[in-house]
Amino acid sequence: MRSYKCTPESHPALPPTHQHPLWQAWDLALDHVLSQLPDVHAGKKDYEPSQFFSQQLSAFQVWLMSVGDSKSPPQQLPIVLQFLLSQAHRLQALELLGRFLDLGSWAVHSALTVGIFPYVLKLLGSKLRELQPILMFIWAKILAVDPSCQKDLVKDNGYKYFVQVLGDTSMQCEYRTMAAFAISAVVNKYPMGQERCLQSGVVGTCLGQLEEPNPVLRQWLAICLGRLWQNFDSARWYGARDNAHDKLISLLWDEIPDVRAAAVFALGTYLLNTSEDGTSEMRVTIDQAVGSALLQLMNDASPVVRMELASALHGLTLLYEKQFHIAALHFSEGKRVAATNLTTSVTPTGWIHVTIAPQDSDGENEGGSTASTNIPTPNSPLSTSLSGNSQHSISNGIDSLASHAHNGELQSSSVGGPPGDLPPTSRGSISNGEASGKQFFEDLPKSKSAPGGASLGARNWYQQIWRGMVYLASDPFPKVADAAQHVVHGLHDKLRQKPQAKMIGATLVASYSAPCSPKDAGHTVKCATLGAAGMKFRQPKSGMASSAIMSRVKSELTSLPPTGRPKAPSPDPSSSGDEDDEGESSLHALSTQFCDWCCKYFANPLMKQPSECDPASPGYQQREYRFIRNHLVREEMARSCLPLSGSRINDQIFVNREARPAQLLKFHPYQPQLAVIHRNCWSIWDIEQGSKVTSFQENCTYSTAKITAAEFINPHDISFLLVGSEDGAVHVWRDYCQENSEAQKPTLVTAWRGLLDMLPVSKRVGMVLEWEQQTGLLYASGDVRHVRVWDTHKELMVQDIPTHADSSVTCLTSDSAERSLLIAGCGDGTVRLYDRRQPSNSSLVLTLREHQGWIVNVLMQQYGSESTIVSCSVGGEVKTWDPRFMKSVGTYNLSPTINVCDIHPRAPLLACASHQQQAIRIFNLERNEVLNTIRYHDGFMGQKIGSSNCLAFHPYKVLLAHGGVDGMVAIYSTERKKLSGR
């Protein structure tokens, strides 16, 4: 066109192509063809077909082998797409294309830019089985980066290819996982995709493979089901027909946390149904079974699981909002009405039936008649005839009710029924007045509720679910707590917004204020303004005056919640949600990022070897350095223990003052770091430089409880700091030794409740922890009557070992060599040995009873080739034990009293101190002698050390850390002349 003086243009302008490198490849191919023409024409040789495409494939393969961090697509990419049309080169081209897409999201965008989509979409119609694995890989990559392709897949029936691959159980689990992911992307928030996949039998296919051994497949099968029936009631009832909830409930105890979270997600969307028959008996039965199963995950160690649990429980509160209004009222008034048994139900005509039965001090019913009332709801006939100013009429009615109750005029009659059972005088009085109450009821949206006449177990179920949500609102992981608090506070805020809340609340409070009495039967109170039919009360036992009742009732008028289902709250905690939405056709629980986070698995490289496995990578070299460093530290320990018999540990190599006294001290095994634990904060010191690296305050966002245990976990590589609090919570932090700055604060990795129901004791221990690095097991005990074993790899509680002791567990230690013995020191002076291989109830194999007081510390000491148990009691008595015998093999009396004590794990050393004597005594267990006593700090004017709060030995060095009540932290070592002579 240029030769004819025509210049093509486009808007927007295309980049120039006349100098594109592919023209050189074209010239090469043309030269190859033309160069053969003379010989072919002369008959000297046959024509050789061009190798252009195979050469371009080879060039593309070489580029993939040599690509580094560059994110520029290769020149051969457009040509490779043409190979997809050639049956001879199709499989090789697909494999190379898959390797290219695996480089990252930028590669997927590059391929989509050059037009890959129509090619791979057309290939979904292929029947060749050998193409299925690579096609599933390519589509998994595309859908992970660009989920909008779902519409084209549904339009061209491409989704059927994924359904076919998923249903082929002879296919490898990896490719069926990709098929499940692809289907989940097709149905995600796309009703047409949900309808088509439902018709293809996806529900039955997924349910039939939930027991597959591959955890990633189980995870994506559950997510696929959850997305399929999300806001799609037809799919939910398909699942109900196949008992989907029972099959998914079995995944709630899976060993993989991601599988458990996926199961909770699927069950949560399974519950959140919006059909009109959502109040059927079958529906309620399924909801109660699923809700009860979900409650068992309240103390799952994975915050991801608990976050999904909060979302699922929120869905239940949206479905049965009226019942949860009552449950919230039960919970908030629980302490106030502890002496009564209040039950509520929804009658078939739409009334809330409230019944109060008295209880004695033991919680049993005293007998006699009970009090009950029917409270109108938006569905009751009475709601069309209420009148009068709400506040004024309520107060007058309560005044009259309180007066009658005080004078003994409230008398027993038949249980109040629906409005049709009202006495004529009551019905007549209700119909007089203005229409403000009527207007309020008409403005309330209808909410889903359980069938009338629900059993007491069902009513208790609502209360249990609500208690579970309130329990999650105090979760140790902040994001879980924030989500649950948003739900709880949102419901409470909604409950306070309508005047009807005060009306119903006043009725219930009046019921609480006048407990029933079996005496004085007579007539019925006609309290029309309260909407009460046949309310029965008896004279208060305590003779409470009407003024006292009134003061209590009026204080509640502005705080008790209304009924009616509010609009589903926004996931954003900052949204107020003040308005009702009657036209909303779907319910929306709290949204989480779990599914989006799972999708990133397919967006990241799957074929590429991790950089940590590449010997040339910085990560590999850093890990290699750490392993060499750890080996040298252990070798140094073996050498330093040999001449220990004549060494004195009195050389003060570190001393600093903290603003608050240290409660715990913990040495890092391999790095020169000392963790100083205060009440609810901690700091990290560099003991070689003598400087504080960081200080972190666990503010109220995380926990305000006192820290009573700390461990360095994974210390041989990238270590984390684990702390346990006296309330039973466990927190794990990474980047704990970053410099003090907002951008580099310690990061909370996970948190869970390691112990529950801490017993109130006179001398509190809090939580006691023992970390076993080789197995990843965490043992937790303290002011409880069991030792709870957590598997941190699975994030599951794997065993509860009863202590069989009537006192707290004060210290724990385990046999890290044989990994079968667990030793607990108790407050009653016993040392108890448990065999972890035995069943929990029979795991106690030995009880050592020679100590007469509180066990301060116990340790399974690995010194030489033998394992010895060393225990120390508060009376200053130290004993050594052979685990095979019931009698001690050595006894040492150190001092009259001992408050703190620590035992070196790999050297025969013990250090102890007491509050009465401002001194530290260091004892050699092998030679049965006191090495030395530390009374003063170093220096010419060295002051006397303060009373000891804590002592700690270094695991691999002969170093002793001391924390005093005066805030001083000091570290002592052997004499310098001894160290310099090594």
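- Looking at an unreviewed UniProt entry, the protein chain carries the name Regulatory-associated protein of mTOR, with the source organism given as Geodia barretti.

### Brief notes about the overall build of the protein chain
In step 1: The helix and strand tally for the protein chain stands at 29 helices and 31 strands.
In step 2: Per-residue burial over the protein chain gives 54% buried out of 982 residues.
In step 3: Sequence-distant contacts, at least 24 apart, represent 63% of the contacts inside the protein chain between residues at least 6 apart.

### A look at the environment of Q917
In step 1: Here Q917 shows up in the loop between β26 (909-913) and β27 (920-924).
In step 2: Residues Q917 and S948 lie 31 residues apart in sequence; the distance between their C-alpha atoms is 9.0 Å.

### Some details on the state of the cysteines
In step 1: For the structure shown, the criterion picks out 0 disulfides.
In step 2: Looking at C197, it has no disulfide partner, and the nearest cysteine sulfur is the one in C224, 7.1 Å off.

### A few points about the sheet that holds strand β7 (residues 681-686)
In step 1: Spatially, 4 strands are ordered β5-β6-β7-β8 in an open sheet, and the strand pairing comes out antiparallel. The outermost strands of the open sheet, each flanked by one partner alone, are β5 (664-667) and β8 (691-697). Recorded for the sheet is a direction-independent mean angle of 20 degrees between the axes of neighbouring strands.
In step 2: Strand direction decides the pairing type here: β5 and strand β6 (residues 673-677), joined by 4 bridges, are antiparallel. In the strand pairing of β6, F667 is matched with L674.

### Overview of the side chain of D475
In step 1: The residue D475 is located in the loop between α23 (456-472) and α24 (478-495) in this model.
In step 2: With a relative accessible area of 7%, D475 lands in the buried category.
In step 3: Separated by 2.8 Å, the side chain of D475 and the backbone nitrogen of F477 make a polar contact.
In step 4: The residues contacting D475, other than those within four sequence positions of it, are R306, V480, A481 and R753.

### Regarding the packing of aromatic side chains
In step 1: Taken as a whole, this structure holds 24 aromatic pairs when the rule is applied.
In step 2: Geometrically, the ring pair formed by Y320 and W461 is edge-to-face, given 6.3 Å between the ring centres and 85 degrees between the ring planes. Of this pair, Y320 sits in the loop between α18 (303-319) and α19 (321-332) while W461 sits in helix α23, and the two are 141 residues apart along the sequence. You'll find Y320 and W461 in the same group, each marked buried.
In step 3: Clustering of aromatic rings is evident, with ring pairs tying together F60, W63, F100 and W106.
In step 4: In this arrangement the basic side chain of R236 is found over the ring face of Y270, its NZ or CZ atom lying 4.6 Å from the centre.

### Some details on the pairing of strand β16 (residues 796-802)
In step 1: One ladder, built from 6 bridges, connects strand β15 (residues 786-791) with β16; its direction is antiparallel. Counterpart to D791 in the pairing with β16 is L796.
In step 2: The turn linking β15 back onto β16 is made up of 4 residues, and E795 within it adopts a positive phi angle of 55 degrees.

### Brief notes about the sheet that holds β27
The strands that make up a sheet are held in pairs by hydrogen bonds between backbone atoms, and each pair lies either parallel or antiparallel.
In step 1: An order of β25-β26-β27-β28 is seen for the 4 strands of this open sheet, with the pairing classed as antiparallel. In the strand order of this sheet, the two ends are held by β25 (900-903) and β28 (929-934), each with one partner. Ignoring strand direction, the axes of neighbouring strands in this sheet form an average angle of 20 degrees.
In step 2: Direction of pairing for β27 relative to β28: antiparallel, over a ladder of 5 bridges. Its bridge partner lying in β28, F923 is registered against V930.

### As for the pairing of strand β17 (residues 809-814)
In step 1: By the criterion of burial, β17 is predominantly enclosed, with 6 of the 6 residues buried.
In step 2: The loop that links β17 with its antiparallel partner strand β18 (residues 821-826) comprises 6 residues; one of these, R819, has a positive phi angle of about 60 degrees.

### Describing the environment of S50
In step 1: The residue S50 is located in the loop between α1 (22-42) and α2 (52-66) in this model.
In step 2: A residue is classified by how much of its surface remains accessible, and S50, at 35% relative accessible area, is partly exposed.
In step 3: In this structure the C-alpha to C-alpha distance between S50 and A29, which are 21 residues apart in sequence, comes to 6.8 Å.
In step 4: Not counting chain neighbours up to four residues away, the residues in contact with S50 comprise A29 and H32.

### Concerning α2
In step 1: The first and last C-alpha atoms of α2 sit 21 Å apart over 15 residues, in line with the 21 Å expected at 1.5 Å per residue.
In step 2: Those residues of α2 lying buried are F52, Q56, L57, F60, W63 and L64. Buried residues of α2, viewed axially, fall in a sector of 135 degrees; they line one side. Of the exposed residues in α2, those oriented more than 90 degrees away from the buried face are V62, M65 and S66.
In step 3: Against α1, α3 (77-83), α4 (90-101) and α5 (105-113) lie the buried residues of α2.

### Re unusual backbone geometry
In step 1: If you check the backbone angles, D735 has positive phi at about 55 degrees while not being a glycine.
In step 2: By the element assignment, D735 lies in the loop between β11 (729-734) and β12 (747-753).
In step 3: A relative accessible area of 34% places D735 in the partly exposed class.
In step 4: One non-glycine residue, E795, lies in positive phi territory at about 55 degrees.
In step 5: Examined against the element boundaries, E795 turns out to sit in the loop between β15 and β16.
In step 6: According to the relative accessible area criterion, E795 is partly exposed, its value standing at 22%.

### Details of the nonpolar core
In step 1: Counting 154 residues, the largest nonpolar core has F100, W139, F162 and W682 as the members making the most contacts within it.
In step 2: Tallying contributions element by element places helix α7 (residues 132-145) first for this core, with 11 residues.
In step 3: Setting aside residues no more than four positions away along its own chain, W139 makes contact with F117, V120, L121, L124, C149, L153 and F162.
In step 4: Membership of the second largest hydrophobic core comes to 27 residues, among which are L777, V870, C872 and Y892.

### Overview of the pattern of salt bridges
In step 1: Under the definition given, this model contains 25 salt bridges.
In step 2: The residue R129 makes a salt bridge to D168 at a minimum N-O spacing of 2.6 Å. Here R129, found in the loop between α6 (117-123) and α7, pairs with D168, found in the loop between α9 (159-167) and α10 (173-187); they are 39 residues apart in sequence, far enough to count as distant.
In step 3: Note that E212 is salt-bridged to R176, the shortest N-O span being 3.3 Å. Linking E212 in the loop between α12 (202-207) and α13 (215-228) with R176 in helix α10, this pair joins segments that are 36 residues apart in sequence.

What counts and how
Residues numbered from 1 in each chain as written. Predicted model: local features only at pLDDT ≥ 70, side-chain atom pairs only at ≥ 80, totals over all residues. Heavy atoms only, no water. Helix = DSSP H or I, 4+ residues; strand = E, 2+ residues; numbered from the N terminus. Buried < 20%, exposed > 50% of the residue type's maximum accessible area, 1.4 Å probe, protein only. Contact = heavy atoms within 4.5 Å. Disulfide = S-S within 2.5 Å. Pairing = 2+ DSSP bridges. Axes fitted to C-alpha atoms, helices over the stretch in contact; angles between N-to-C directions. Polar contact = N/O pair within 3.5 Å; in protein donor to acceptor, adjacent residues only side chain to side chain. Phe/Tyr/Trp six-rings, centres within 6.5 Å; stacked < 30°, edge-to-face > 60°. Lys NZ or Arg CZ within 6 Å of the ring centre and 35° of its normal. Expected span 1.5 Å × (residues − 1). Arc of directions from axis to C-beta. Core = buried A, V, L, I, M, F, W, Y, C linked by side-chain atoms within 4.5 Å. Salt bridge = Lys/Arg side-chain N within 4 Å of Asp/Glu carboxyl O.

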